[in-house]
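Single-letter residue listing:
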Amino acid sequence: MIAEAGLAALWLAAALAAMQFVLAAIGVRRVLAAPDDESALTTDLIGAVRPVAIVQGALAALAMALLIAVFLRSDMSVLLVAENSHSEKPWLYKFAGAWGNHEGSMLLWVTILGLAGGAVAIFERSLARATVTATLGAQALIALGFYAFLLFASNPFARIDPAPADGQGLNPLLQDPGLAFHPPTLYIGYVGISVAFSFAVGALVARDVGPAFARAMRPWVLGAWIFLTLGITAGSYWAYYELGWGGWWFWDPVENASLMPWLAATALLHSVTVLATRDGLRAWTVMLAVVAFSMSMIGTFLVRSGILTSVHAFAVDPTRGSFILVLLVLYIGGALALFATRVGTVRAGNTFDLVSREGALVANNLLLSVILGVVLIGTLYPIVAAGFGVQLSVGPPFFDKAAGPVALLLVVVMAAGPLLRWRRDGWRALAARLAVPAAACAIVLAAVLVVAGGVSLLPLLGLALAAGLGVASVAPLWGRNLIRTPLFTWGMVVAHLGIAVSLAGMASESAFTKQTLVAARVGEPQQVGPYTVTLTGISPVIGPNWSALEAHLTARRGDSPAITLRPQSRFFTNPVTVTSESAIATRWDGQLYTVLGQIDGAGRVQLRLWWKPFVTLIWLGGALVALGGALSLIGRLLRERRARHRAEAEAWT
Amino acid sequence: MKAKQQRMILAGLGLAAVAAAALLALSALKDQASFFYAPGDVRRQGLPLGRAVRLGGMVEAGSIKRQADGVSIHFVVGDGVARVPVSFRGIAPDLFREKSGVVAEGSFNPDGSFTATNLLAKHDEKYMPPQMAGKMHETTTLKE
C-alpha cells in the first residue's frame, strides 16, 4: 500500500504543479494587461498560486518519504528496491539507496524543487506580485517536466511480481557514508540554480529586471553555489580515498557535470552582485541565469540519462532517452527563446569604467565563461561524435591544457578585483595596491626554485599565484575594524582565501608527491618521502556484508611515534565485487596514503605508498570557499531583514 | 548612448569569450581528439607517438604474465582486428582479468607496444564483448 500511496502523492503533486502553472499564467497575464487591476478574480488567481505551490512541495516530499519507507522496510515487491537494495544491507545504505538509483534520484530532484518552490511562496515578500507569481509559474513548469518524466518513463513505485526474496544490492563503491549525502548536496545546488532561473524568467515575463529582482535571486544563487561547492569538494575527496588511485580530480564527465553548473553559478554570483548593488550588467545577469540553469539541467541529465556510462543508453531504453532529450531541448530552447524575445525590454543599467570593480567582475565572468565553454565542449564532444559513429574519449591532457592557463589568469583577476573601487579606478592605484601580493608571489617563486628545483611550470606558477592571491584576499580587511566589517565582506575574503588555499594544495600535490610501488614481504622496510613503512602482517576481516584481507603497516618518520595503517581489499557478495579500501594517515604537512594490491604466490604483497605534501589543503580550501559563501549569505539575509524592519517601522510612523 | 555602447562592448566581449573557448578547445582537441585508441585504430591511423592516449580493448585469454618484481605485468589487448602488447607497472584494478574489457592509459612505443601508467577495468561483471567498442570508454570512476 505504501508504494501506491507514494504514486498517488506523485500524481497529485503533478496535478497541482499543472494547476499552479495555469493559475500563474492567467493571473500574470491579467496583471500585466492592467497593472492596477485589483478585481476579485485577479486577486484570487494570484492569491491561489502561493498555497498551491506549498502543497505541491509537501506532496512531493511525501512521495519521497514513502519511497524511503519502502527502502527501509526492504519491500522487495517494489521493483526499484529489488534492483537496488538488499535486505542485509546496513540501514544507512537502505536509506541512501532510495536516491542511489535513477528513479529515486529524479524523485529527490523534484522533491527539492517542490520544497524550494514552497519556500519561495512562503518567504518571498519584497518583489512585485506579478514577478513572484511568474516566478512560481516558471517553477511549476520545470517541475511538471520532471513529474511527467517520473510518471511516464521512470515510475519509482512500480511493483514486481513475483517479488524476489532478496534484492540485487547496491554497488559496493557507493556503500560509503560520503555517497549517501553526496547526491542530495549536489541536487540542492542544481535545484537552487533552477529557482534562481525561475526568478530570471519571472523578471523577464513581468518586465521587472533590476536590482530588486537581483536581490531576490541572490540568496538562491548563493545557496546553490554553497551546496555545489560542498558537493564538488566532498565528491573529490570521496573519489580520492575510495577509488584508491591517489588522484583527486579525474575530469570524468560525471565530475564535469557538477563543475559546469558551479562555474556558471560562480559567474552568476558575481554578476548578480553588480546588479543588486550597482544596477549594472542587467541583461548579462539574466543571460547567465539561463546559462547556469542550462548547465544544471545538462548536468542532471548527463548523469541521470545513462548517456555517459553507456553511449548505447538510447538503444537500451529509447523512451527514457528521448524523453530526457525532449525535456532538455524544451527547457533550454524555451529559456533562450524567452530571453531573445524579451531582452529588448531590459533597460540598460549603470555604466562603469574598464578599470573598476565592475570591470574586474566582467573579466571574471568572461574567463569563467571560457573555462565553462572548454569543459562543456570537452564533455559533450565524445557524445556528439558517438552520434556520428565515432568512438573517442577526451581526457585529462585536453582539460589541463585548455583550462589550466585560463584558470591561472582568472586567479590574477581574482586577486585584483576586490582591491578595485566601484565605478572607476586607476591603473596606477591598482598597481600600488597589488605591490605586496606581487612581492609574496615573487618570494614564493624564488623560494621554490631554490629549495626544490625541477618543479614543472604549472605547479610552480600555481604555488606562486596561490601566495599572491592569499595575501591579496585578506588585503580588503587591512586597516579595517574587523568587528564592524560586514559579514559579506568577510565572506568574500574567506572564499577567495579558500581558492588560494586550494590552489596551493593542488600545486603542492602535483609538484612534491612521492610514490613507491613494491611487492613487499613481511618485515622489509620501504621508503616513501620522509616515511619508512614496514609490512608487519596480513589478516582476514569480516564486515557486515563483506569480507576482506587487511594489511598491517607501520609507518615511521624520524623519531616520531609509529603510525599503524590498515589498507584492505574487500570482497562483496551482493553483487560480487572487489574493492580496495585505502588507509590514509593525515599529518599537518600532508597525507601518507597506502593501498593494498594483490598477494602473489611467493608471499609478496603489492603495496602502493604515496606521500602527498599538503594535499589536504585542496579540500580545506573547498570548505573555506563554502564557508565564505555561507558568511555572505547570512550577512545578506541579516541586512535585508534589518532593512525590511526599518521600512516597516517607517511605514507605521 | 554611453550605456548602449557599453552594452554593445560587453556583448562583443561575451561573444569573443565564447569564440576563444571554442578555439582553445578545438585546437587542444585537434591534438587530443584521438585520445582513445582501439588496437585496430593503430593499424588504420598509425602510431600516435609521444603523447598520452588511452588504449581500449579486451585482455586476451592467457596473455597476462606477471613479472619477477611482483608489481609489473605484461598482457595483450585485442579487439578482433589487431593485438597490442602492453606492459604495466602498478596495482591492477580489482576487475582486471583475462577476457574482460580494459582501458589502459599511457603511450605507444616506436615498436608498436604500449606502456601503461594506469589501468581502468570496467566495473561491471555483465560485460559485453568486442563489437561494442564504445563500452570500453567507461572508466572506474563510477560515481552514481
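If you check an unreviewed UniProt entry, chain B appears there as Cytochrome c-type biogenesis protein CcmE from Sphingomonas panacis. UniProt, in its Function (unreviewed entry) section for chain B, records the words "Heme chaperone required for the biogenesis of c-type cytochromes. Transiently binds heme delivered by CcmC and transfers the heme to apo-cytochromes in a process facilitated by CcmF and CcmH." A UniProt comment under Sequence similarities (unreviewed entry) is attached to chain B, and it reads "Belongs to the CcmE/CycJ family."

As annotated in an unreviewed UniProt entry, chain A carries the name Cytochrome C biogenesis protein CcmF and comes from Sphingomonas panacis. Recorded under Sequence similarities (unreviewed entry), the UniProt text for chain A is reproduced unchanged: "Belongs to the CcmF/CycK/Ccl1/NrfE/CcsA family." The heading Function (unreviewed entry) in the UniProt record of chain A holds the text "Required for the biogenesis of c-type cytochromes. Possible subunit of a heme lyase."

J.: Which parts of the structure should I look at to understand the overall build of chain B?
T.: For chain B, the count of helices and strands is 2 helices and 7 strands. The buried share of chain B, reckoned over its 144 residues, is 51%. Residue pairs in contact within chain B that sit at least 24 positions apart in sequence constitute 50% of those at least 6 positions apart. Accessible area of chain B: about 7000 Å², with a carbon and sulfur share of 59%.

J.: Could you clarify how one ought to interpret the overall build of chain A in this entry?
T.: A count of helices and strands for chain A gives 19 helices and 10 strands. Here the C-alpha radius of gyration of chain A, 27 Å, is about what a compact globule of 653 residues would show, namely 26 Å. Overall, chain A is about 90 × 75 × 55 Å in size when its C-alpha atoms are taken along their principal axes. Sorting the 653 residues of chain A into buried and exposed places 57% on the buried side. In chain A, once contacts between residues fewer than 6 apart in sequence are set aside, the share between residues at least 24 apart is 73%. Surface summary for chain A: the accessible area is close to 26100 Å², and the carbon and sulfur share equals 67%.

J.: Sorry, what's going on with the environment of A:G349 here?
T.: The topology assignment puts A:G349 in the loop between α12 (318-342) and α13 (357-387). Through-space distance from the C-alpha of A:G349 to that of A:V209 is 9.9 Å; in sequence the pair is 140 residues apart.

J.: It is not clear to me how the domain arrangement of chain A should be interpreted in this structure. Could you clarify?
T.: In many reports, interface size means the accessible area that the parts give up when they come together. The assigned domain composition of chain A is domain 1 (1-171), domain 2 (176-350 + 360-394), domain 3 (422-456 + 464-512 + 617-652) and domain 4 (514-615). With centres defined by C-alpha atoms, the gap from domain 1 of chain A to domain 3 of chain A works out at 39 Å.

J.: What am I meant to see in helix α17 (residues 457-474) of chain A here?
T.: Side chains three or four residues apart in an α-helix point the same way, a direct result of the helix having 3.6 residues per turn. An ideal rise of 1.5 Å per residue puts 26 Å on 18 residues; α17(A) measures up with 26 Å between its terminal C-alpha atoms. The buried fraction of α17(A) is high, at 13 of 18 residues.

J.: Looking at this structure, I do not really get the sheet that holds strand β1 (residues 514-520) of chain A. What am I missing?
T.: Strand pairing in a sheet is mediated by backbone hydrogen bonds. Such pairs are either parallel or antiparallel. Residue and element names in this part refer to chain A. Strands sit in the order β1-β10-β9-β8 across an open sheet of 4 strands; the sheet is antiparallel. Each edge of the sheet is formed by a strand with only one pairing partner; in this case those strands are β1 and β8 (583-587). When strand polarity is set aside, the average angle formed by the axes of neighbouring strands in this sheet is 15 degrees. Both β1 and strand β10 (residues 605-613) contribute to a ladder of 7 bridges, which runs antiparallel. Its bridge partner lying in β10, T516 is registered against L609. Strands β1 and β10 of the sheet are contacted by helix α18 (residues 487-512), whose axis makes an angle of about 130 degrees with β10.

J.: Honestly, unusual backbone geometry in this entry has me stumped. Any pointers?
T.: A negative phi angle is the norm for most residues apart from glycine, just as the trans form is the norm for most peptide bonds. Residue and element names in this part refer to chain A. A cis amide bond, omega 0 degrees, links D161 with the succeeding residue P162. One can find P162 in the loop between α6 (129-153) and α7 (177-205). The phi angle at D279 is positive, at roughly 55 degrees, despite the residue not being glycine. Tracing the backbone shows D279 in the loop between α9 (253-278) and α10 (282-304). Phi at R423 is positive, roughly 70 degrees, even though this residue is not glycine.

J.: Mind showing me how you'd approach the domain arrangement of chain B here?
T.: Looking at the assigned domains, one finds that chain B contains domain 1 (1-33) and domain 2 (34-121). Computed over C-alpha atoms only, the centres of domain 1 of chain B and domain 2 of chain B are separated by 39 Å.

J.: In this structure, what is going on with the packing of α9(A) against α13(A)? I would like to understand it.
T.: For any two helices packed against each other, the geometry comes down to the angle between their axes and how far apart the axes lie. All names here are of chain A. Axis separation between α9 and α13 bottoms out at 9 Å; the angle between their running directions is 160 degrees. Judged on the interaxial angle alone, α13 and α9 are roughly antiparallel. Relative to α13, α9 is oriented so that their crossing is left-handed. Packed against α9, whose contacting residues are P253, N256, L259, M260, L263, A264, T266, A267, H270, S271, V274 and R278, the element α13 presents E358, L361, N364, N365, L368, I371, L372, V375, L376 and T379 at the interface.

J.: Would you mind going over the packing of α13(A) against helix α14 (residues 396-416) of chain A with me for this structure?
T.: All names here are of chain A. At a minimum axis separation of 10 Å, α13 and α14 run at an interaxial angle of 170 degrees. With respect to their mutual orientation, α13 and α14 come out roughly antiparallel. Residue-level inspection shows A360, A363, N364, L367, L368, V370, I371, V374, V375, G378 and T379 of α13 in contact with α14, the latter providing F398, F399, A402, A403, V406, A407, L409, L410 and V413. Among the residues making up the contact of α13 with α14, the classes are represented as 17 nonpolar, 3 polar and no charged.

J.: How should I be thinking about a positive patch on the surface in this particular structure?
T.: Residues and elements named next belong to chain A. A cluster of basic residues, R639, R641, R642, R644 and R646, forms a positive patch on the protein surface. Positionally, R646 belongs in helix α19 (residues 617-652). Judged by its relative accessible area of 52%, R646 falls in the exposed class.

Definitions and limits used
- Residues numbered from 1 in each chain as written.
- Chains lettered and ligands numbered in written order.
- Predicted model: local features only at pLDDT ≥ 70, side-chain atom pairs only at ≥ 80, totals over all residues.
- Heavy atoms only, no water.
- UniProt positions renumbered as here; feature names shortened; annotations may be inferred.
- Helix = DSSP H or I, 4+ residues; strand = E, 2+ residues; numbered from the N terminus.
- Buried < 20%, exposed > 50% of the residue type's maximum accessible area, 1.4 Å probe, protein only.
- Contact = heavy atoms within 4.5 Å.
- Areas by Shrake-Rupley, 256 points an atom, 1.4 Å probe, with all protein chains shown as cover.
- Rg over C-alpha atoms; globule rule 2.2 N^0.38 Å.
- Domains from an automatic or database assignment.
- Expected span 1.5 Å × (residues − 1).
- Pairing = 2+ DSSP bridges.
- Axes fitted to C-alpha atoms, helices over the stretch in contact; angles between N-to-C directions.
- Parallel < 35°, antiparallel > 145°, perpendicular 65-115°, else oblique.
- Left-handed = near helix turned anticlockwise from the far one by under 90°.
- Nonpolar A, V, L, I, M, F, W, Y, C, P; charged D, E, K, R; others polar.
- Patch = residues over 30% accessible without salt bridge, like charges linked within 9 Å, V, L, I, M, F, W, Y side chains within 5 Å.
- Salt bridge = Lys/Arg side-chain N within 4 Å of Asp/Glu carboxyl O.
- Lys, Arg positive; Asp, Glu negative; His and termini not counted.
- Charge placed at Lys NZ, Arg CZ, Asp CG, Glu CD.

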